[in-house]
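Results of the structural survey
What follows is the residue order along each chain.
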Amino acid sequence: MRDNIFVGLVHYPVYNKNAEVVATSVTNFDIHDISRACRTYDINKYFIITPVESQIELTNRIIGFWKEGDGIGFNKDRNDAFLNTYVVESIEKAIDRIKDETGKTPIILTTSARHFDNSISYENMSKMIFEKNEPVLLLFGTGFGLTDEIMDMSTYILDPIRANTRYNHLSVRSAVSIILDRLLGEK
């Protein structure tokens, strides 16, 4: 079942604070921490999605250090975490990779701090993941969230994470960990 779960961290297209469509920068923390969370929950692949060539080169160099470089001898656990981390230029490229591997188009599951008509609870989505065993691409946005275009292509949108406080602005790596645990953690 977990071999059908894929995570994508979207750096384009996303919104900035002025609701403009932008490409955000890949951060070292997100590369490392989300790779570790995905490995912990046995996610098939973690796709870092950016069309920016310099970001692709830098991210591949960081990943390469841990997959093939001196990082292997320095920290074996980090090497293990990066085994399923890849950079792709677009969401469509991630979908194509999943289709090539599984033979199926993945369910597109997105996240948002807002509620939508096709929002789904963690409990219902978790049940679906465990029962249907279909490929799922779980997309997380950077900046100020995924664009409406991405939200419109989603099969489902997970309910927002709520902490029953007025402040609601988690880092994406915190959100990834919470959501993976809610969907795939101990039952």
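Residues numbered from 1 in each chain as written. Predicted model: local features only at pLDDT ≥ 70, side-chain atom pairs only at ≥ 80, totals over all residues. Heavy atoms only, no water.

1. Observations regarding the packing of helix 1 (residues 28–40) against helix 8 (residues 172–184)
The N-to-C vectors of helix 1 and helix 8 enclose an angle of 5 degrees; their axes lie 9 Å apart at closest approach. Here helix 1 is positioned roughly parallel relative to helix 8, judged by the angle of their axes. Counting all contacts with helix 1, which are made through Phe29, Asp30, Asp33, Ile34, Ala37 and Cys38, the residues of helix 8 involved are Val172, Arg173, Val176, Ser177 and Leu180. The class makeup of the residues in the contact of helix 1 with helix 8 is seven nonpolar, one polar and three charged. (Axes fitted to C-alpha atoms, helices over the stretch in contact; angles between N-to-C directions. Helix = DSSP H or I, 4+ residues; strand = E, 2+ residues; numbered from the N terminus. Parallel < 35°, antiparallel > 145°, perpendicular 65-115°, else oblique. Contact = heavy atoms within 4.5 Å. Nonpolar A, V, L, I, M, F, W, Y, C, P; charged D, E, K, R; others polar.)

2. Regarding the sheet that holds strand 4 (residues 45–49)
As summarised here, the arrangement of the seven strands in space is 5-4-1-8-6-9-7, forming an open sheet in which the pairing is parallel. The open sheet has two free edges, formed respectively by strand 5 (85–88) and strand 7 (119–120), since each of these has just one partner strand. Looking at chain direction, strand 1 (residues 5–10) and strand 8 (residues 136–141) are connected through six bridges and run parallel. Bridge pairing in strand 8 places valine 7 opposite leucine 138. The strands that helix 2 (residues 53–67) touches are strand 4 and strand 5; relative to strand 5, the one it contacts most, it runs at about 165 degrees. Seen against the sheet, helix 8 touches strand 1, strand 6 (107–110), strand 8 and strand 9 (156–158) and runs at an angle of roughly 150 degrees to strand 8. (Pairing = 2+ DSSP bridges.)

3. Some details on the UniProt feature "domain: tRNA (guanine-N(1)-)-methyltransferase C-terminal" (unreviewed entry) in the chain
The UniProt record marks residues 4–185 with the feature "domain: tRNA (guanine-N(1)-)-methyltransferase C-terminal" (unreviewed entry), using the residue numbering of this structure. Span residues 4–185 is 44% helix and 19% strand, its end C-alpha atoms 16 Å apart. (UniProt positions renumbered as here; feature names shortened; annotations may be inferred.)

4. Topic: the environment of leucine 183
Residue placement: leucine 183 occurs in helix 8. Each C-alpha atom, one on leucine 183 and one on phenylalanine 6, is 13 Å from the other, the two residues being 177 residues apart in sequence.

5. A closer look at the packing of aromatic side chains
One pair of aromatic rings is described through two measures. These are the centre distance and the angle between the planes. Inspection of the entire model under this criterion finds four aromatic pairs. Relative to phenylalanine 74, the ring of tryptophan 66 lies with its centre 6.2 Å away and its plane at 50 degrees, an arrangement referred to as tilted. A centroid spacing of 6.3 Å and a plane angle of 10 degrees characterise the contact between tryptophan 66 and phenylalanine 82, whose relative ring orientation is stacked. With tryptophan 66 in helix 2 and phenylalanine 82 in helix 4 (residues 76–82), this residue pair connects regions lying 16 residues apart in the sequence. On the basis of relative accessible area, tryptophan 66 is assigned to the buried category, the value being 9%. Judged by relative accessible area, which is 0%, phenylalanine 82 ranks as buried. Here the aromatic residues Phe65, Trp66, Phe74 and Phe82 are joined through ring pairs into a cluster of three or more. The ring of tyrosine 86 is capped by arginine 97, whose NZ or CZ atom sits 4.8 Å from the centre of that ring. We note arginine 182 situated over the ring of tyrosine 122; from NZ or CZ to the ring centre the distance is 4.9 Å. (Phe/Tyr/Trp six-rings, centres within 6.5 Å; stacked < 30°, edge-to-face > 60°. Buried < 20%, exposed > 50% of the residue type's maximum accessible area, 1.4 Å probe, protein only. Lys NZ or Arg CZ within 6 Å of the ring centre and 35° of its normal.)

6. Some thoughts on the packing of helix 6 (residues 122–132) against helix 8
A pair of packed helices can be characterised by two numbers: the angle between their axes and the separation between those axes. Between helix 6 and helix 8, the shortest axis-to-axis distance is 8 Å and the interhelical angle comes to 60 degrees. Considering the angle they form, helix 6 stands oblique to helix 8. Note on element contacts: helix 8 touches helix 6 through Ile179, Arg182, Leu183 and Leu184, opposite Tyr122, Met125, Ser126, Ile129 and Phe130. Across the contact of helix 6 with helix 8, the residue classes break down as seven nonpolar, one polar and one charged.

7. Regarding the nonpolar core
Counting 37 residues, the largest nonpolar core has Met125, Leu138, Leu158, Leu180 and Leu183 as its most contacted members. Every element with two or more residues in this core is listed here: strand 1, helix 1, strand 4, helix 2, strand 6, helix 6, strand 8 and helix 8. Per-element accounting of this core gives the leading share, seven residues, to helix 8. Setting aside residues no more than four positions away along its own chain, leucine 180 makes contact with Val7, Ala37, Cys38, Tyr41, Ile43, Leu138 and Gly185. Listed in part, the 18 residues of the second largest apolar core include Phe6, Ile91, Ile95 and Leu137. (Core = buried A, V, L, I, M, F, W, Y, C linked by side-chain atoms within 4.5 Å.)

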